[in-house]
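Coordinates in review
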Amino acid sequence: MLLRLLMPCIIFVLCGLISPKVNAKSDIIIILDDLGYRPSDVAAFALPKEITFSILPQTPLASEIARRAEQEGRAVMLHMPMQAQNGKNMGPLGLTTDMFAGAITYNLRKAMKSVPNAVGVNNHMGSAFTGQQEGMEALLKEVKRQGLFFVDSRTTVLTKGEEIAQRLGVPSASRQVFLDHKLEPSFLLKQFNQMKRIAEKNGHVVVIGHPHPETVEFLKTHLPLLEKEGFTLTSVADYFSHAPKVAKQFGKEGNQTAQITRVDVSKTSSEISEKDRFVSRGFVQSTTLSKESTATKESTLAKEMTELSTTAPNE
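The rules behind these values
Residues numbered from 1 in each chain as written. Predicted model: local features only at pLDDT ≥ 70, side-chain atom pairs only at ≥ 80, totals over all residues. Heavy atoms only, no water. Helix = DSSP H or I, 4+ residues; strand = E, 2+ residues; numbered from the N terminus. Buried < 20%, exposed > 50% of the residue type's maximum accessible area, 1.4 Å probe, protein only. Contact = heavy atoms within 4.5 Å. Areas by Shrake-Rupley, 256 points an atom, 1.4 Å probe, with all protein chains shown as cover. Expected span 1.5 Å × (residues − 1). Pairing = 2+ DSSP bridges. Right-handed = clockwise from strand over helix to strand, strands pointing away. Salt bridge = Lys/Arg side-chain N within 4 Å of Asp/Glu carboxyl O. Phe/Tyr/Trp six-rings, centres within 6.5 Å; stacked < 30°, edge-to-face > 60°. Lys NZ or Arg CZ within 6 Å of the ring centre and 35° of its normal. Axes fitted to C-alpha atoms, helices over the stretch in contact; angles between N-to-C directions. Parallel < 35°, antiparallel > 145°, perpendicular 65-115°, else oblique. Left-handed = near helix turned anticlockwise from the far one by under 90°. Nonpolar A, V, L, I, M, F, W, Y, C, P; charged D, E, K, R; others polar.

Helix and strand counts for the protein come out as eleven helices and nine strands. Looking at the protein as a whole, 49% of its 315 residues qualify as buried. Sequence-distant contacts, at least 24 apart, represent 75% of the contacts inside the protein between residues at least 6 apart. A total accessible area of about 16,400 Å² is found for the protein, and carbon and sulfur atoms account for 55% of it.

Here we come to helix H6 (residues 185-202). Between its terminal C-alpha atoms H6 stretches 26 Å, which fits the 26 Å expected from 18 residues at 1.5 Å a residue. Buried residues of H6: Phe187, Leu188, Gln191, Phe192, Gln194, Met195, Lys196, Ile198 and Ala199, and no others. Gly203 sits one or two positions beyond H6 and adopts a positive phi of about 90°.

Moving on, we get to the pairing of strand E8 (residues 204-209). Extensive coverage of E8 is indicated by the burial of five of its six residues. Bridge analysis of strand E1 (residues 26-35) against E8 gives six bridges, and the strand direction is parallel. Looking across to E8, one finds that Ile29 is bridged to Val206. Bridge count between strand E7 (residues 177-178) and E8: two bridges; the pairing is parallel. What sits directly across from Phe178, in E8, is Ile208. Handedness of the β-α-β unit built from E7, H6 and E8 comes out right-handed.

A few words now on the pattern of salt bridges. Per the counting criterion, the structure on display carries eight salt bridges. For Arg68, the salt bridge goes to Glu72, with nearest N and O atoms at 3.2 Å. The class for Arg68 is buried, based on a relative accessible area of 10%. We classify Glu72 as buried; its relative accessible area is 17%. Between Arg74 and Glu72 there is a salt bridge, with its nearest N and O atoms 3.8 Å apart. Take Arg74 and Glu72: they sit in the same class, and that class is buried. The structure contains a network of salt bridges with shared partners spanning Arg68, Glu72 and Arg74.

So, about the packing of aromatic side chains. All chains considered together, the criterion is met by four aromatic pairs. Geometrically, the ring pair formed by Phe149 and Phe240 is stacked, given 4.1 Å between the ring centres and 5° between the ring planes. On the criterion of sequence distance, the pair formed by Phe149 in strand E5 (residues 149-152) and Phe240 in the loop between helix H8 (236-239) and helix H9 (244-250) is long-range, its members being 91 residues apart. Plain terms: the ring middles of Tyr239 and Phe240 are 5.0 Å apart, the flat faces sit at 90° to each other, and that makes the pair edge-to-face. Residue class for Phe240 comes out buried when judged on its relative accessible area of 3%. Taken together through their ring pairs, the aromatic side chains of Phe149, Tyr239 and Phe240 make up a single cluster. One residue, Arg68, lies across the ring of Phe45, its end atom 4.0 Å from the ring centre.

With that settled, consider the packing of H6 against helix H7 (residues 213-222). The N-to-C vectors of H6 and H7 enclose an angle of 55°; their axes lie 11 Å apart at closest approach. Taken as axis vectors, H6 and H7 run oblique relative to one another. The way H6 lies across H7 gives a crossing that is right-handed. Residues Pro185, Leu188, Leu189 and Phe192 of H6 lie in contact with H7, whose contacting residues are Glu214, Thr215, Phe218, Leu219 and His222. Of the residues belonging to the contact of H6 with H7, the class tally is six nonpolar, two polar and one charged.

Laid out in structure tokens, this is it:
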């Protein structure tokens, strides 16, 4: 009789031992960068609304993609161009290492006007800019003023992005996996599996990809399998629900007023007037990027450099 009474308790305990991860939450946050130039970018709307679109400022389709995303209840970010070590062209409103704080603030505000519903910012390129203190402080102070969050794309291991964001009290995260800097199916699958391993280990993972046709088709095939494997595809709006602009835009009031309306993006383009373009050089100052060259610093970064070279695209 006693054994019969204890049996349910024994079964409950055994189930807990056998499946310790059943109740573990593994959030997967996927951000698609570089939207705004190509008509093919709109194919990404076929993906679940938890996938976040990060839009380049003052690009031909920026406002149309941002508007449609908002109507579908999809979170949008500003993909802010920043200077790379290789001098690659950044596009409109790029931030350079020799800008005064006022110019950085100005460019960010101008960029936000072309993607006004953006709730967060991540860097486009930026292997030079994100590694220097003054510019990142100026940028992140404005990010905080606007109630946004910041995701460091980590295009360099020398980045100071999340470190400064945390010090300033800006909601922030860092990219952990680049999904598609090689478009071979085997490589996409390798990165996708790495994403799942990190999510299982840490409880969440931040992934960056791009709206390449190959990437979109790959995600359409593989994303539906995640739930069965115990993963949760999570929007940045949920992950950063404490960020002021996210709370305002995706709170109860925002959810009640959101409507799903189809917008024909392919037939429209946003015209950018030349007089609205800002010539940043008027605000340029001469600065030298500080370099830490101690043996301890170099040895610490060597391992990270090796890892980054296999997981990040070349700038």
